[in-house]
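# Coordinate inspection notes
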Amino acid sequence: MGCGECLREQDLLDALASNRWPARCEEELRRHVATCDTCADLEQVVGPLMDDHDHLWSTIRVPSSGTVWWRAQTRARLDAAREALRPVTVAQAIGAALAVLSLAALIWMAAPWLSGLQQLMPDLPAVDIQTTRLMALAGTIDLARWWWVIVAAATWLLLAPLAIYFVLFED
Amino acid sequence: MAIFKDMTLSDVDGLDTPAGEADVSFEMDEETFRAFYDRTARPLWAYLARMTGDVHLADDLLQETYYRFLRSKATCESETHRRAYLFRIATNLVRDRRRRKRHMIVELPQAEDSAERPARGDVADLSARRTDLHRAMAKLRPRDRALLWLAYAQGHAHVEIAETLGVKPGSVKLLLFRARRRLAGLMRGAQKGNTRGMR
């Protein structure tokens, strides 16, 4: 016998389940329960649990199987539609991130050319001075030294929309 | 000879369902589901109500449990395995809910229990005993509560309980023994308190 086990447990459980406990069961079992800690615990716990179950059972009102099936079908359809749209949303997020990256790369590549253009035509009014300075600054970035910042920024730009997407669409 | 069968709700629903929006296929067909639901819904609701202490939450979780069950691709060899799988989904949902909402009040007496009824004799004793049980159960760990309810209120076999709660079948007996000891201790304490209160 293992820890706390008693050979009479099943007898007691049967008596409790069949409503024979305590009045209509054998005197010997009653005497045993009075002296056995394991059975005393069992008696203390199982009777109220069974009674609570019976009481609760009489109050249960569950929806019909048809209603549950219909709701499940409706929800499955909505979920299927949402799942079908998921790749589109992901593609949109990635597209937007790539557009931002491309724009940044374009500005970085065009910066020397634009500053050269302004030197050739100092009276050129179309180029905003602030923009030109920014482009010139971009042109001075040492790619070999700051490559990890660029990679981190690119990764962030790619992953951030995905992360936001998964957070917002979780359940 | 034409064979007629009862029209189900989804058949009616399907009559005006546009093409492309037909029934979503579940692993289980509707008739099998209906039979399974009729056998399991009430015990499952009782389990959910006692694990959460909230009948309205039990209603919601019942629907959610069956939805996840229908959507799952798990293959169940037997009715017992299928039922254990259903209860396992319910157990996980209750656990998730508890994690999400730490302050959830568990196992408080429900409205009909807490209402003071003009009860006398045995009815009053039973009512008081139920209240003691609810209070004592509320102090138990969720797993102990589930173990005791499944084993003694719903009469599940140890193997099924192990599958439902995700524990080893061999350890159910010991876990049950410990949970029973804790609950018995709490209930004895409550009874002593009641006796002292009456003096």
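Residues numbered from 1 in each chain as written. Chains lettered and ligands numbered in written order. Predicted model: local features only at pLDDT ≥ 70, side-chain atom pairs only at ≥ 80, totals over all residues.

## Examining the overall build of chain B
Per the secondary structure count, chain B includes nine helices and zero strands. When the helices and strands of chain B are placed in sequence order, the string is α-α-α-α-α-α-α-α-α. Put simply, 62% of the contacts in chain B that link residues at least 6 apart link residues at least 24 apart. (Helix = DSSP H or I, 4+ residues; strand = E, 2+ residues; numbered from the N terminus. Contact = placed C-beta atoms within 7 Å.)

## Description of the overall build of chain A
Regarding its fold elements, chain A presents six helices and zero strands. Reading chain A from its N terminus to its C terminus gives the helix and strand order α-α-α-α-α-α. Taken over 171 residues, chain A has a buried fraction of 14%. Pairs at least 24 apart in sequence give 68% of the contacts found in chain A among residues at least 6 apart. (Buried ≥ 20, exposed ≤ 12 C-beta atoms within 10 Å, placed from the backbone.)

## Remarks on the interface of chain A and chain B
Contacts between chain A and chain B engage 32 residues on the former and 42 residues on the latter. For the side of chain A that touches chain B, the secondary-structure elements that each account for two or more residues are helix 3 (37-57) and helix 4 (65-120) of chain A. Here the side of chain A that touches chain B takes 14 residues from helix 3 of chain A, the largest share from any one element. Tallied by class, the residues present in the side of chain A that touches chain B amount to 17 nonpolar, nine polar and six charged. (Nonpolar A, V, L, I, M, F, W, Y, C, P; charged D, E, K, R; others polar.)

## Quick notes on helix 7 (residues 142-153) of chain B
All names here are of chain B. Over its 12 residues, helix 7 extends 15 Å from the first C-alpha to the last, a length consistent with the 16 Å expected when each residue adds 1.5 Å. For helix 7, the buried fraction is high: nine of the 12 residues fall into the buried class. All of the buried residues in helix 7 are Arg145, Ala146, Leu147, Leu148, Trp149, Leu150, Ala151, Tyr152 and Ala153. Positive phi appears at Gly155, one or two residues downstream of helix 7, with a value of about 65°. (Expected span 1.5 Å × (residues − 1).)

## Side note on the packing of helix 3 of chain A against helix 2 (residues 30-52) of chain B
Helix 2 of chain B packs onto helix 3 of chain A with a crossing angle of 115° between their chain directions and a minimal axis gap of 10 Å. Considering the relative orientation of helix 3 of chain A and helix 2 of chain B, their crossing is right-handed. Of the residues in helix 2 of chain B, those touching helix 3 of chain A at His53, Leu56 and Trp57 of chain A are Arg42, Ala46 and Ala49 of chain B. (Axes fitted to C-alpha atoms, helices over the stretch in contact; angles between N-to-C directions. Left-handed = near helix turned anticlockwise from the far one by under 90°.)

## Digging into the nonpolar core
Core analysis: the largest hydrophobic core is formed by 57 residues, its most contacted members being Val45 of chain A together with Leu44, Leu48, Ala90, Leu148 and Leu183 of chain B. Ranked by residues supplied to this core, first place goes to helix 2 of chain B with 10 residues. In this structure Ala90 of chain B touches Leu44, Tyr47, Leu48, Leu61 and Thr65 of chain B, once residues within four positions along its chain are discounted. (Core = buried A, V, L, I, M, F, W, Y, C linked by C-beta atoms within 7 Å.)

## Quick word on the environment of Leu44 of chain B
When you line up the elements, Leu44 of chain B lands in helix 2. In contact with Leu44 of chain B, other than residues within four places in its own chain, are Leu62, Thr65, Leu86, Phe87 and Ala90 of chain B.

## Considerations on helix 3 (residues 55-71) of chain B
In an α-helix there are 3.6 residues to a turn, and that puts residues three or four apart on one side. The end-to-end C-alpha distance of helix 3 of chain B, which contains 17 residues, comes to 24 Å, matching closely the 24 Å that a straight helix rising 1.5 Å per residue would cover. Of the positions making up helix 3 of chain B, those classed as buried are Ala58, Leu61, Leu62, Thr65, Tyr66, Tyr67, Phe69 and Leu70 of chain B.

## A word on the confidence of the model for chain B
In low-pLDDT segments, the atomic positions of the prediction should not be examined closely. Residue and element names in this part refer to chain B. Across chain B, the average pLDDT comes to 81, with 75% of residues at or above 70. No element of chain B has a lower mean pLDDT than helix 5 (residues 111-114), which averages 44, and none a higher one than helix 7, which averages 96. Segment residues 1-7: pLDDT under 50, and one contact once partners within four positions in sequence are set aside and those in other chains are kept. This model gives residues 107-121 a pLDDT under 50, and the stretch forms 19 contacts once residues within four places in sequence are excluded. Listed scores for the predicted complex are pTM 0.69 and ipTM 0.76. (pLDDT = per-residue confidence, 0-100.)

## Topic: the packing of helix 2 of chain B against helix 4 (residues 79-100) of chain B
Residue and element names in this part refer to chain B. Where helix 2 contacts helix 4, the axes come no closer than 11 Å and their chain directions differ by 30°. One finds that helix 2 runs roughly parallel with respect to helix 4. Seen along the crossing, helix 2 lies across helix 4 with a hand that is right-handed. Along its contact with helix 2, which presents Phe36, Thr40, Leu44, Tyr47, Leu48, Met51 and Thr52, the element helix 4 presents Arg82, Arg83, Leu86, Phe87, Ala90 and Val94. (Parallel < 35°, antiparallel > 145°, perpendicular 65-115°, else oblique.)

## A closer look at unusual backbone geometry
Residues and elements named next belong to chain A. Here the amide bond leading from Trp21 into Pro22 is cis, since omega sits at -5°, within 30 degrees of zero. Of note, Pro22 is situated in the loop between helix 1 (9-17) and helix 2 (27-35). Backbone geometry at Asn19 places phi at a positive 60°, although glycine is not the residue there. Along the polypeptide, Asn19 turns up in the loop between helix 1 and helix 2. Residue classification places Asn19 among the exposed positions, given that 11 C-beta atoms sit within 10 Å.

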